[in-house]
Amino acid sequence: MNKKDKTWPVIIIGGGPCGIAAGAELKKRNIDSLIIEKGSVTESIRNYPKRMRFFSTAENIEIAGIPFATSNVKANRNEALQYYRKVALYFNLNFELNCEVIRVEKSDPNSFTVHTSCGEYRAEQVILATGYFDIPRKLNIPGENGKNVSHYYKEPYAHSFQNVTIIGGGNSAIEAALELYRHDVNVTMLVRGEDLKPTAKYWLVPDIKNRIKEGKIKLITHATATSIDEQHVEYIDAKGQPQVLNSDYVYALVGYLPDKVLMEKCGLEPDSESLLVNYDPKTFESPVKGLFMCGTVIAGIRTEKVFIENGRDHAVAIADKIAGRVSQLA
């Protein structure tokens, strides 16, 4: 089959590591699939900071049994981009790229219609592997959508010798703060709690703590940002008093969320607060028969609970379930 075909045994929504893993596992079981991705292959990793290194060791983010050879124990962004592309090439996976899925309808008990910006496709089974990185958690404050604000950090060079405020205290915020500081940026971090997040990568903690202790990175705790303009960030301090911080640029790095709207347009009913959806923990099939959930999409707002290293196992279970159905029909 090739991507010009409009009817497929399986359509996978999302071309990240878990979507590629699902396609590869299906191919190992002689089942063709089409991966529909609204951006490029592994779009989320492409949007990671350019010097980012993965938390997990390379062997833990391997997929489909293909070894991930790296020069270090932990892979970096560029190595991951190369690896997942090569896995897709090895299994000769089919992609429809730069194509956004609008909704998924159950056409009849045994098939789905997938409506996209590129037209309609039909499939017997659908796998939702959309991850979470493309939908940033919003602060919902004035100025958040200004030209000097971003929810994604890439590299430091645009900010040297300037004041940058980072809102957030998780891994993304810590990594950005350290790299900015090392490129002559005056960095201030605003966090709502009493400290940085306890889930921070263990090798980052001594580094960021020492820089804060030395006064090279400023950390303001119990701080709630209230507005942003082109030169300032306003926030409420620990005593409930309004404060103003001089800032040339702001990175709002407070996390990311699964696509609730798309889940609803696939016939799912995510919880309004947790964004969790019921699913079979053995097969990862949703309440909609034939619609499976793979990767971080199953975690709701607790995106830190699912990584590539456990999301890849979802792909195996899903492929086994789908292969069993195919063999029953054969």
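Residues numbered from 1 in each chain as written. Predicted model: local features only at pLDDT ≥ 70, side-chain atom pairs only at ≥ 80, totals over all residues. Heavy atoms only, no water.

### As for the overall build of the protein
- Of regular secondary structure, the protein possesses 7 helices and 15 strands.
- In the protein, which comprises 330 residues, the share counted as buried stands at 49%.
- Pairs at least 24 apart in sequence give 61% of the contacts found in the protein among residues at least 6 apart.
- Summed over its atoms, the accessible surface of the protein is roughly 16,000 Å², and 48% of this surface lies on carbon and sulfur atoms.
- Between the mean site of the 41 positive side-chain charges and the mean site of the 40 negative ones, the protein shows a separation of 3 Å. (Helix = DSSP H or I, 4+ residues; strand = E, 2+ residues; numbered from the N terminus. Buried < 20%, exposed > 50% of the residue type's maximum accessible area, 1.4 Å probe, protein only. Contact = heavy atoms within 4.5 Å. Areas by Shrake-Rupley, 256 points an atom, 1.4 Å probe, with all protein chains shown as cover. Lys, Arg positive; Asp, Glu negative; His and termini not counted. Charge placed at Lys NZ, Arg CZ, Asp CG, Glu CD.)

### What about the nonpolar core?
- Ile11, Phe54, Tyr84, Ile127, Ile166 and Met189 are the most contacted members of the largest nonpolar core, which has 91 residues in total.
- No other element matches the 7 residues that helix H7 (residues 308-329) contributes to this core.
- Not counting residues up to four positions away in its chain, the partners in contact with Ile166 are Ala173, Ala176, Ala177, Leu180, Val187, Thr188, Met189, Leu190, Tyr251 and Leu253.
- Ranked by size, the runner-up nonpolar core spans 12 residues in total, among them Val149, Ile220, Val233 and Leu245. (Core = buried A, V, L, I, M, F, W, Y, C linked by side-chain atoms within 4.5 Å.)

### A short note on the sheet that holds strand E13 (residues 242-246)
- Taken in spatial order, the 3 strands line up as E11-E12-E13 in an open sheet, and their pairing is antiparallel. In this open sheet, the two edge strands, each paired with only one partner strand, are strand E11 (224-228) and E13. With direction set aside, neighbouring strand axes in the sheet form an average angle of 30 degrees.
- Across 5 bridges, the pairing between strand E12 (residues 232-236) and E13 is antiparallel. (Pairing = 2+ DSSP bridges. Axes fitted to C-alpha atoms, helices over the stretch in contact; angles between N-to-C directions.)

### Thoughts on the environment of Phe284
- Considering the arrangement of structural elements, one finds Phe284 in the loop between helix H6 (260-265) and strand E15 (291-293).
- Put simply, Phe284 and Phe161 are 123 residues apart on the chain and 49 Å apart in space, counted from C-alpha to C-alpha.
- Those residues in contact with Phe284 that sit more than four places away from it in its chain are Tyr279, Leu291, Phe292, Met293, Ile298, His314, Ala317 and Ile318.

### Quick word on the state of the cysteines
- Within this structure, the stated rule accounts for 1 disulfide.
- One disulfide bridge connects Cys99 with Cys118, the sulfur atoms lying 2.4 Å from each other. Here Cys99 is found in the loop between strand E3 (94-96) and strand E4 (101-108), whereas its partner Cys118 is found in the loop between strand E5 (111-116) and strand E6 (119-128), with 19 residues between them in sequence.
- No disulfide involves Cys18; its sulfur sits 4.9 Å from that of Cys294, the nearest cysteine. (Disulfide = S-S within 2.5 Å.)

### A few points about the pattern of salt bridges
- The full count for this structure, using the stated rule, is 15 salt bridges.
- Between Lys216 and Glu214 there is a salt bridge, with its nearest N and O atoms 3.4 Å apart.
- Classification of Glu214 by relative accessible area gives partly exposed; the value is 44%.
- If you follow the salt bridges from partner to partner, you end up with Arg182, Asp207, Arg211, Glu214 and Lys216 in one network. (Salt bridge = Lys/Arg side-chain N within 4 Å of Asp/Glu carboxyl O.)

### Some details on the environment of Leu93
- Mapped onto the elements of the fold, Leu93 is located in the loop between helix H3 (77-90) and E3.
- Placed 39 residues apart in sequence, Leu93 and Tyr132 show a C-alpha to C-alpha distance of 22 Å.
- Contacts of Leu93, omitting those with residues within four sequence positions, involve Ile20, Gly23, Ala24, Lys27, Ile35 and Ala88.

### Considering helix H5 (residues 205-213)
- Of the residues making up H5, those classed as buried are Asp207, Ile208 and Arg211. Relative to the axis of H5, the buried residues are bounded by an arc of 90 degrees and lie together on one face.
- Buried residues in H5 make contact with helix H4 (171-181), strand E9 (186-190) and strand E10 (217-220). (Arc of directions from axis to C-beta.)

### As for the sheet that holds strand E14 (residues 249-252)
- Strand order in the open sheet formed by 5 strands is E7-E14-E8-E9-E10, and the pairing between neighbours is parallel. With one partner strand each, in any of the chains shown, strand E7 (149-150) and E10 form the two edges of the open sheet.
- Examined bridge by bridge, strand E8 (residues 163-167) and E9 share 5 bridges and lie parallel to one another. Across the sheet, the residue bridging to Asn163 is Asn186, located in E9.
- On top of the sheet, H4 reaches E8, E9, E10 and E14; it is set at about 165 degrees to E9, its chief contact.

### Re H3
- End to end, H3 covers 20 Å across 14 residues, agreeing with the expected 20 Å (1.5 Å per residue, within 8%).
- Every buried residue belonging to H3 is among Arg77, Glu79, Ala80, Leu81, Tyr83, Tyr84, Val87 and Ala88, and all of these are buried.
- Capping the start of H3 is the job of one residue whose side-chain oxygen sits 3.1 Å from the backbone nitrogen of Asn78: Asn76.
- Two residues or fewer past H3, Asn92 is found with a positive phi of approximately 55 degrees. (Expected span 1.5 Å × (residues − 1). Polar contact = N/O pair within 3.5 Å; in protein donor to acceptor, adjacent residues only side chain to side chain.)

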